[in-house]
Every structure is written in C-alpha cells, then in structure tokens.
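Below are the chains, spelled out letter by letter.
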Amino acid sequence: MPSIHVLNAEGVSEEREVPPGSTAAELYTDRSIVVARIGGELRDLATVLNDGDVVEPVSIESADGRAVLRHSTAHVLAQAVQQLYPEAKLGIGPPIRDGFYYDFDVATPFTPEDLAALEKKMQDIVKAGQRFSRRVVSDEDARVELAHEPFKLELIGLKSGASDDDLADVMEVGGAELTIYDNLDAKSGDLVWRDLCRGPHIPTTRMIPAFKLMRSAAAYWRGSEKNPMLQRIYGTAWETRDALKEHLAFLEEAERRDHRRLGAELDLFSFPEEIGSGLAVFHPKGGVIRREMEHYSRLRHDEAGYEFVNTPHLTKGQLYEISGHLDWYSEGMYPPMELDAEYGADGELRKAPQKYYMKPMNCPMHNLIFRARGRSYRELPLRLFEFGTVYRYEKSGVIQGLTRARGFTQDDAHIYCTVEQMPDELDSLLTFVLDLLRDYGLDDFYLELSTRNETKFVGTDEDWEEATETLRRAAERQDLELVLDPGGAAFYGPKISVQARDAIGRTWQMSTIQVDFNLPQRFELEYTSGDGSRQRPVMIHRALFGSIERFFAVLLEHYAGAFPVWLAPVQVVGIPITDGHVDYLHEIAAKLRSAGVRIEVDSSDDRMQKKIRNAQKQKVPYMLIVGDEDMAAGAVSFRYRDGSQKNGVSIEDAVNEIREAIANRAQA
RNA sequence: GCCGCCUUAGCUCAGUCGGUAGAGCGUCUCACUCGUAAUGAGAAGGUCAACGGUUCGAUUCCGUUAGGCGGCUCCA
C-alpha cells in the first residue's frame, strides 16, 4: 500500500496509507478543494498517488486555486466559441490577474451580443458538468489531432524547438510533457471537446461557481506586432457569486474614481481637441491643486539641499546626439522643426536646415548646467531640480488621460556625486522620497529593484555590481517589501522604483531612482577631486511624482476627488440659510481669506439644501452654514464632507480649526 | 501604430428603418427667503465631430480625417 504524506491547510503533515491506485480526489470531501499540490506541483485531483508523495489541498479561494478555476473557465469559453463558431481557431487562454482570456482567430470580431450568447452557452456547459480529463500525447499524435488548429501546431513546434524554460509561462505547452485535456460528457463519458493544455484543471465544469465575460478586444498572436491579430475575450471567474459581485463592485468603484471622469465633473482639467491628443489644460480649480502640490514639493526640496534650475522646452538636435537619444529614442520624440535652411534660385539646398526638437527628457540639459564651468568635489553632491516639461510623441493608441500624455511636467532631479557619496545619497534620497509621498497621503508602499539586462547594458561589471548592491542596501533599510525585477533595468544603470497602493488597493509606479553610468561619460562630466585629479561623477536620475500630471491623476483617484483640505481647490463654502445671512458670511470669509483659506460664499438664489448638495458634489471639505441662530450667537455651523455637523462654533474657533487642518495637511 | 466600438445642446443620454431633432442636469430670467444632499415657472442653447461620396434629399448609408473608449504593442 502506498504511504503518502498528507498536508492539511495549515501545512501540518500526516502520514497515511492509501489503497493502490488512489487519487488525490479521494483524500478530500470538501468541494472547495479543486486541485492538489503533489510534490510541490499543482496537479489534477484525478492524479494517481504514488508511494512517498506529499499531497497538499489547494482551495478554490487560494491564489493558485483561483488561477486554476479561471484557466478552466477559459476552456469552457473556448468550447462555447467553437460550438457557436465552428470555424474559430484557438489561440491561447491563460488565467490573468482577476480573470482569464482566450484568443481566437475568427473572421469577424465578437460583438457584445456575441458575448451574451457565449455566456449563455458557457452556463450550459457548466451545468452539464463535463469532466476535465488529462491525456499525455506524443508530438506526432498531437499534430495529427490538432491538424485543424494552426496556432496550437505552432506552439507544439515551438516546444520541440525550445527549452522548457522559454515556454514556462505558456499554459498550453509549458509542462514537462505534452498533454491534451478532454472535456467528457458527465453521463456518457463521450468526448465533447479538447484542448492542448498542460493543466491542471478543476475536476468538472460544474465546479465553476461564478463567472462573467467582460469584453472583447484584439491582441497580436504571441504579443508581436508582426503577427496576425486575434480576437481576445476577457472574462472573470470567482469562487462564489458574492466574490464575483464584490469584484464587479470594485470595478465600478474604480470607474467612479476615474480621473478623466472626475477631472470633468470637478472642473479640474480638460484635453481640448484643438490643442492635440494627450495635451492637457488645467482649469482654475485643477490649477490650485497643482500649485499646492508643486509648492509643497519645492519647500521640501529646498530643505533637502536641492538647487533649482530652469531649462528650455526646445533644443537643437546636437544635444540629443550627444546624449544618444536620437539614436535610440527618436521614435518617441516629436519630429524636428527645420529652421534657417537656404535654397538657391533653382531650389537646390545651399545651407542645411538647423533641426530643433521638443525635449523628451531634462537630463541632457542638466548635464550642460553641470559642465558649464569646472566643478569641484566640494560642490558634490550637486542636486539639480526642475519642474521640467517634456514632450514625447506617444503612439496614438497608448494615450490615456493624465497618466499617459504627450506633454507633461516631471519633478526631475539629477544628482551628481562621487562614488563614495553614493550610498549615503541613495539612502537619504529614498527616505526623502517616501516621506514626501506620505505627506501627500500615500502610505502603503513596496519597492522594486530592477537589475541588469544581460543582453543590453553599458558600463563595467564592477560598476553595475556596486550600484546594484548600493541600491539594494538602501532599499532594505526602508523596512518595506522589496520585489526583484531581474533584467528590468535600463541599459545605462540599475534602478529602484517605489510602488504605491492607493485607497482601493491598486498599485501605481511612483518614484524612480536610477543610477546612470552612460550620460556622465557621453557628456564627459568631470570634477576636480581633493588631490587635483579629474574624476567622473556618478549621476542619479530621480523623479518623485514621475510626472506632476500623472501624480495628480493618482491622487485624484486615490481620494476619489475628495482631496484633503490643504489640496482642495475650494476649502470652504459659506452657505446662508437666507439672503439675510450673506453679509455676515462675507465677513467670516474675509477673516478666513486673510488667514490664507480658499473660501467661497454661495449667494446664489438656490435653496440652502441645494447649496449643500452642490458643495457636497464638489467634495468641498467644509461647509459653513449660517442662519439666525448662528448670527445671533456670533457663531457658525460646520457641515463636514462626511455629512456630520457641529453647530454654534465661535468664529475664532472655526477659523482656527480650518487653519490647523490645512497647516497639518490633515487627511479627511 | 494595430484591432474593435464610439462622437447628437456646456454635461449625461434618447431619437430619426434617409424628409435637418428631444429629455434630465447645468446656464439665464422671474417668483419664493427656507436650518444640513435637488422650490417652482419661463427662456436661451444643436451646421447631429469635420470633410468628401451616393441620393431629389444625409445627422442617419459609404469613405477619409480628427478626437474619445477598451485592448494589443510600446513606456527610453
């Protein structure tokens, strides 16, 4: 009798004897167990156990369990598609974050009505309770069986040509052996449908508790622009109906917070068509928020020893020849303006035009400031800071609100220091960055360390080694989760990026801190060291917000438009009960204004309830309401954004309360 | 850039199977003067994204362009 080790959910091992031929399924009665981890690998519950196996249950609610559920649901989708559209060819169908997709080659793209029909078909398949059955096949057999599936054939071909590592992510052929999963009818056991797949799968389609098709979109086969476009259907699947509902509610919440929507509702910014795609204008209210964001950032940079510089938006191409941008980045740049060309009478070129470019990056200009005169080691670290506006010609399809624009302002700093100074500098820099982000209201971070891409880099092994280690040590000192991103660095140096989680748990890449070996060399940057020798400084690129526009969008979504008082465009709205209270409110408003508070008095002829509603919809932090009672007592009544109220507050106390909340950058 | 969808009043959206349009909110005017999320009445507001084609006639059908949305690719 085989003896196996059974691990329970808590990881406690228990030795057990089972009859020969027993499967993992026989160990569990709990229907929420969908697959098992056997010897560390996820396997079907139908897997026959061998002597010495260590078996661990995987619940549908776990990350692995959900992935398997979603993968199986993708199979159900593919089956539904081929039943409704027999000519559809299968691409790939993996689980992804919060769901799954499956790619198909079909003559016409799917419509929303098609999705509804497919969803119905899928429900039938789920109800039918088809069994997922694993079958090992040889390459040759698979080719015969899947002769009508050109994309699957391609994957089989790839597998025989490539190492397993290369295809580890491909659900279809990523396993050690080639397998096909058959969907078998619950009663007759007849083959209903099959797909090339490494598995594992849930035992039957009936174990899909809740799913929904989300949308269809096109996607390149195997992710390359050179390949044909397939039609991709996205779906989601969950362990319970409630979990699905919760996920849909989350998506709705995200939509409600969408900065493009809030930007229009709160009159913060717009993208006038006349200006061009991806180029924003900030309206007065958005301008106030932006000014406060920038103002506070300047204060902190000043305290932290940065020096402020300014550079033009436009430059001759020569600068980007030196920096190398024209070689490797010209596609991302606006095409040049050609100036001062001269032509002869017959049109022949007598003097070549001078090419000017909009700047896509600030660093080359900062380098010119560094080398404008000889530099001494005494000046280092030299920290140059600028709100530098850059223009990048993003492809039309990638532009997205303020988060992906064609013109945006970086809070860009370049720090020039000696190799010896680098550890301290990076350490204090990271602390500075995180502290500042916390002041803006983000407090849940993790760090990502991107290391060298072995096929694409400049600089010596020692440089990389040292810089990477220094970054790692600085990161580890922050007591935050550190995620490695091997090979993710730019060619010129390793980087740390700060990822922030917002109020509803989404992560955004915020600051990046990047060591650069390339530009100091290209610009031949030097300083004179204590012994009189010329040395090359290390350069650190650092953007904290990334771009102000993008950070603006992140904060807008994080706060769902309800900015903390210090950032709120209108901090207080004065609401009179009747016209007779307007003058009194204006007096209070004058006091608050002289205390630096942004207040408006709503003297429109709306009713007071309507004024409250308006202020509420504009997410104004404080409403000061005044009626006869307040006026008689020389007081005001607070209504806060959360709906709570505090009545009969003396004017002095009211002014102090608001002033303090602003000065402390209080949340809520 | 690629694929699909979309563009009607300031905003959100109806509508016209080809005969030049409608609501709510907002704006303006008037009345109302009210204690914590919508007072009532009236008015103004549209080359139906732009251009071209088909047609007696195009907001509607076709094409091109611009912009937006969802993906793919990209994000130095």
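Just so it is clear, the structure is predicted and the values come from calculations on it, not from any experiment.

*Asks:* Could you give an account of a nonpolar patch on the surface, with specific residues and numbers?
*Replies:* A surface patch of nonpolar side chains, amounting to about 220 Å² of accessible area, comprises Leu314, Met337 and Leu339. Position of Leu339 relative to the elements: it lies in strand β18 (residues 337-339).

*Asks:* Describe the packing of helix α1 (residues 63-84) against helix α2 (residues 112-128), and please don't skip the residues or the numbers.
*Replies:* The contact between α1 and α2 brings their axes to 9 Å, and the two run at 115°. At the point where α1 passes α2, the crossing takes the right-handed sense. For the pair α1 and α2, contact is made by Thr73, Val76, Leu77, Gln79, Ala80, Val81, Gln83 and Leu84 and by Ala117, Leu118, Lys121, Met122, Ile125 and Val126, respectively. Across the contact of α1 with α2, the residue classes tally to 10 nonpolar, three polar and one charged.

*Asks:* Describe in detail helix α14 (residues 548-558), supporting the description with residues and values.
*Replies:* Here α14 lies mainly inside the structure; 10 of its 11 residues are buried. Restricting attention to buried positions, one finds in α14 the residues Ile548, Glu549, Phe551, Phe552, Ala553, Val554, Leu555, Leu556, Glu557 and His558. At the exit of α14 stands Ala560, carrying a positive phi of roughly 50°.

*Asks:* Got a sec to walk through the pattern of salt bridges? Specific residues and values, please.
*Replies:* Summed over all chains, the structure comprises 38 salt bridges. Across the pair Glu145 and Arg194 runs a salt bridge whose closest N-O atoms are separated by 3.0 Å. Of the two residues, Glu145 is situated in helix α3 (residues 139-145) and Arg194 in strand β11 (residues 191-196); the sequence distance between them amounts to 49 residues. Classification of Arg194 by relative accessible area gives partly exposed; the value is 29%. Here Arg501 ties to Asp444 by a salt bridge, and the two come within 3.0 Å at their closest N and O atoms. One end of the pair, Arg501, is in strand β26 (residues 495-501); the other, Asp444, is in strand β24 (residues 444-450), and 57 residues separate them in sequence. Residue classification places Arg501 among the partly exposed positions, given a relative accessible area of 25%. Through salt bridges with shared partners, a single network forms among Arg135, Glu145, Asp182 and Arg194.

*Asks:* Describe in detail the environment of Tyr356, supporting the description with residues and values.
*Replies:* Turning to its location among the elements, Tyr356 is positioned in strand β21 (residues 354-358). Judged by relative accessible area, which is 25%, Tyr356 ranks as partly exposed. Between the alpha carbons of Tyr356 and Gln82 there is a distance of 55 Å; along the sequence they are 274 residues apart. If we ignore the near neighbours within four places in the chain, the residues touching Tyr356 are Leu314, Thr315, Lys316, Pro336, Met337 and Leu339.

*Asks:* Any details on the protein's contact with RNA strand B? Residues and values, ideally.
*Replies:* Among the 50 residues in the neighbourhood of RNA strand B, the closest are listed as Tyr220, Tyr329, Arg392, Arg613 and Glu629. Each atom of RNA strand B within 4 Å of the protein was classed as base or backbone; sugar and phosphate made up 50%. Here a base nitrogen of RNA strand B sits 2.5 Å away from a polar atom, N or O, in the side chain of Tyr220. Measuring from a phosphate oxygen of RNA strand B, one finds a side-chain N or O atom of Ser277 at 3.0 Å. When grouped by side-chain class, the residues that make up the surface near RNA strand B number 18 nonpolar, 15 polar and 17 charged.

*Asks:* Lay out unusual backbone geometry with the relevant residues and their values.
*Replies:* Glycine aside, the phi torsion of most residues is negative, and most peptide linkages are trans. Here the bond from Gly199 into Pro200 is cis, since omega is -5°, no more than 30 degrees from zero. In this fold, Pro200 is placed in the loop between β11 and β12 (210-220). Each neighbour pair has its own omega, and for Leu380 with Pro381 the value is -5°, a cis peptide bond. For Pro381, the location among the structural elements is in the loop between α10 (363-370) and β22 (382-391).

Conventions adopted
Position labels on residues start from 1 in each chain and follow its written sequence. Each chain is given a letter, starting from A, and each ligand a number, starting from 1, according to the order in which they appear as written. Owing to the predicted nature of the model, reporting of local features is limited to residues with pLDDT of at least 70; listing and counting of side-chain atom pairs is limited to 80 or more, with chain, interface and lining totals taken over all residues. Values shown for side chains rest on all heavy atoms present in the structure; no hydrogens or waters enter the calculation. Only residues whose relative accessible area exceeds 30% and that form no salt bridge enter a patch; like-charged residues are grouped when within 9 Å of one another, and nonpolar side chains (Val, Leu, Ile, Met, Phe, Trp, Tyr) when within 5 Å. Computed by Shrake-Rupley with a 1.4 Å probe, the accessible areas treat only the displayed protein chains as cover when residues are assessed. What makes a salt bridge here is a side-chain nitrogen of Lys or Arg within 4 Å of a carboxyl oxygen of Asp or Glu, nothing more. Secondary structure counts use DSSP, requiring at least four H or I residues in a row for a helix and at least two E residues in a row for a strand, with both numbered from the N terminus. To get an axis, a line is fitted to the C-alpha atoms, and for a helix only the part in contact is used. The angle between two axes follows their N-to-C directions and goes from 0 to 180 degrees. By convention, the crossing between two helices is left-handed when the near helix turns anticlockwise from the far helix through less than a right angle, and right-handed when the turn is clockwise. Contacts are assigned to residue pairs that have any heavy atoms within 4.5 Å of one another. Note that Gly is not counted as nonpolar here; it falls among the polar residues with everything else outside the nonpolar set of Ala, Val, Leu, Ile, Met, Phe, Trp, Tyr, Cys and Pro and the charged set of Asp, Glu, Lys and Arg. Exposed residues in this analysis have more than 50% of their type's maximum accessible area, buried residues have under 20%, and partly exposed residues fall in between, with area computed by a 1.4 Å probe over protein chains only. Proximity criterion: a residue is near a molecule or strand once any of its heavy atoms comes within 4 Å of it. The term polar contact refers here to a pair of N or O atoms within 3.5 Å; inside protein, the definition further demands a hydrogen-donor-capable atom paired with an acceptor-capable atom, and it admits residues adjacent in sequence only when both atoms are side-chain atoms.

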